[in-house]
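Residue-level structure breakdown
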Amino acid sequence: MASVEQAQSIADLKQLAQKRIPKFAFDYIEEGCNANMAIARNRKILDEVALMPHYMRSYVEPELKVHLFGKDYAMPVAIAPIGLSGLIWPQASVMHAKTAKQANIPFILSTVATISIETAAQHAQDNFWFQLYPPSDREICLDLLARLQAVGCNNLVVTVDVPTPSRRIKALKSGLSVPPKITASNVWQSCLRPQWGLATLRAGLPEFANLVPYMNSQSMAMQDAAEFIRTSLRDVVDLAWLQWLREHWQGNLIVKGVLSIDDAMAIRDVGADGIVVSNHGGRQLDAAPAPAELLAKIVDAVGSDVTVLADSGVESGVDIARYLAQGAHAVLAGRAFMYGVAAGQQAGSDRCAELLRLELQQVMSQLHCRCPQNLPQHLV
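In this report, we go over the structure that sits alongside the text. (Residues numbered from 1 in each chain as written. Predicted model: local features only at pLDDT ≥ 70, side-chain atom pairs only at ≥ 80, totals over all residues. Heavy atoms only, no water.)

1. Brief notes about the pairing of strand 5 (residues 128-132)
Spelled out, the test is: Under the scheme applied here, a residue whose accessible area is under 20% of the maximum for its type counts as buried, over 50% as exposed, and between as partly exposed, the area being computed with a 1.4 Å probe on protein chains only. Think of it this way: any DSSP run of H or I at least four residues long counts as a helix, any run of E at least two long counts as a strand, and we number them from the N terminus. The pairing criterion for strands is at least two bridges between them, as found by DSSP.
Buried residues dominate strand 5, accounting for five of its five residues. Residue alternation in strand 5 divides its side chains into two sets, Phe128, Phe130 and Leu132 and Trp129 and Gln131, and both sets are buried. Pairing of strand 4 (residues 107-110) with strand 5 involves four bridges; the strand directions are parallel. Bridge pairing in strand 5 places Ile108 opposite Trp129. The sheet contact formed by strand 5 and strand 6 (residues 155-159) spans three bridges and is parallel.

Here it is as structure tokens:
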């Protein structure tokens, strides 16, 4: 397979990505935590979700459009927030933002991505959402919220499932850290991937652009930003903090990392507009349940007052259909879009969106399912 245009699946993009970026960067995308049991569970549970076709129903060409938080999107897929995105390829988040605008899907920028709120909004425009790791300094948090309002961002995604750093074994062994360490092994891996090495040399080491205005030194050095993350970003998000945020954020509030019915109902009662049922792609708690075994129960519990999204383990349009069939209004995909950028930069990112659209449309056609909202009728 010579190019991303010839890729026919996310697996193809993943294969191309592995050939184009250093092993430590590829491991950063692919790896879960500890023994990777949560990743394996995500895959196992999703594979057990079966969908029933209804061939005798009249056939109508599927329409993938979805309405989320006051806006119409072309399909029920969003680009998930990814930290340290520039490690995979310089300006990776810019490429994702451009893909989101072109494909008319949401793009969610991570607080610790390597482009700023303002740059992301410039490229994604009204498809721009923001993911918040809340600073312990509430004045900084309020300033971030003001920056979001200034660029017209109305959807804030707060991640709650990172109370502590996870143990990612390959990263620990390779020396991958924040900031990245330059080791003999990493230099050698970079030499084996000259396209990545040259692109990174031209761009320089990735930096946490959103945090620079709040660093005392006003330095762009990643070492300074890394120290800021360790000392200034809040390590635990609890219900009291969410209540404070709800009082100070007038846009849509979406809480990501929900796995229990009790948490979902408490978040609903605080006044959140949405939740993302997620185990962080298997990257935080290796003993976590898979979202696909809890999603339908959580959807039933919170009722129609809350928009429910889902992520973790999405490798195809079929996986997206499986989550939608369990009641999700839309699905976030992270690794798939990173494989796309690693495989072919902007063209790879765009190809990822196109493949997910083609696959979702195909499975819905096969089911005789007219729209994403009808997919629960096909859940076995």
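2. Concerning helix 13 (residues 295-302)
Inclusion rule: Think of it as the arc spanned by the lines of direction from the helix axis to the C-beta atoms. In this description, contact between two residues means that some pair of their heavy atoms is separated by no more than 4.5 Å.
Those residues of helix 13 that fall on the buried side of the exposure criterion are Leu295, Ile298, Val299 and Val302. Down the axis of helix 13, the buried set is contained in an arc of 100°. They therefore lie on one face. Seen from the open side of helix 13, the exposed residues pointing more than 90 degrees away from its buried face are Lys297 and Asp300. Against the buried residues of helix 13 lie helix 12 (261-270), strand 8 (274-277), strand 9 (307-310) and helix 14 (317-325). Backbone geometry just after helix 13 places Gly303 at a positive phi near 70°.

3. With respect to the pattern of salt bridges
Here the idea is simple: oppositely charged side chains can pair when their charged atoms come close. Threshold: Here a salt bridge means any side-chain nitrogen of Lys or Arg lying within 4 Å of a carboxyl oxygen belonging to Asp or Glu.
For the structure shown, the criterion picks out 16 salt bridges. Residue Lys44 pairs with Glu48 through a salt bridge whose shortest N-O separation is 2.8 Å. Residues Asp269 and Arg268 are paired through a salt bridge, measuring 3.1 Å at the closest nitrogen-oxygen approach. On the basis of relative accessibility, which here comes to 59%, the residue Asp269 falls in the exposed class. Among the charged side chains, a network of salt bridges with common partners joins Arg43, Asp47, Glu315, Asp319 and Arg322.

4. A few points about the state of the cysteines
Basically, it comes down to this: Criterion for a disulfide: a pair of cysteine sulfur atoms within 2.5 Å.
Per the stated rule, a full pass over the model turns up zero disulfides. Free cysteine: Cys153, not disulfide-bonded; nearest cysteine sulfur from Cys141 at 13 Å. Cys369 carries a free sulfur, and the closest cysteine sulfur to it, the one in Cys371, is 6.0 Å from it. Judged by its relative accessible area of 1%, Cys369 falls in the buried class.

5. Examining the packing of helix 4 (residues 92-103) against helix 5 (residues 117-124)
Put simply, the rule is: Here, axes are lines fitted to C-alpha atoms. For helices the fit covers the stretch in contact, and angles between N-to-C directions go from 0 to 180 degrees. Relative orientations are named as follows: roughly parallel for angles under 35 degrees, roughly antiparallel for angles over 145 degrees, roughly perpendicular for angles from 65 to 115 degrees, and oblique for any other angle. With the far helix as reference, a near helix turned anticlockwise by less than a right angle produces a left-handed crossing, and one turned clockwise produces a right-handed crossing.
Two elements in contact, helix 4 and helix 5, have axes whose closest approach is 7 Å; the angle formed by their N-to-C orientations is 30°. Our classification of the angle between helix 4 and helix 5 gives roughly parallel. You can see that helix 4 and helix 5 cross each other, and the crossing is right-handed. Residues Val94, Ala97, Lys98 and Lys101 of helix 4 pack against Thr119, Ala120, His123 and Ala124 of helix 5.

6. Let's talk about the packing of helix 12 against helix 13
Packed helix pairs are characterised by how far apart their axes lie and by the angle those axes make with each other. This is how the line gets drawn: The classification used treats Ala, Val, Leu, Ile, Met, Phe, Trp, Tyr, Cys and Pro as nonpolar, Asp, Glu, Lys and Arg as charged, and all other residues, Gly among them, as polar.
It is at 9 Å that the axes of helix 12 and helix 13 come closest, and there the two elements cross at 35°. Crossing angle aside, the handedness with which helix 12 passes helix 13 is right-handed. For the pair helix 12 and helix 13, contact is made by Ile261, Ala264, Met265 and Arg268 and by Lys297, Ile298, Ala301 and Val302, respectively. In terms of residue class, the contact of helix 12 with helix 13 is made up of six nonpolar, no polar and two charged.

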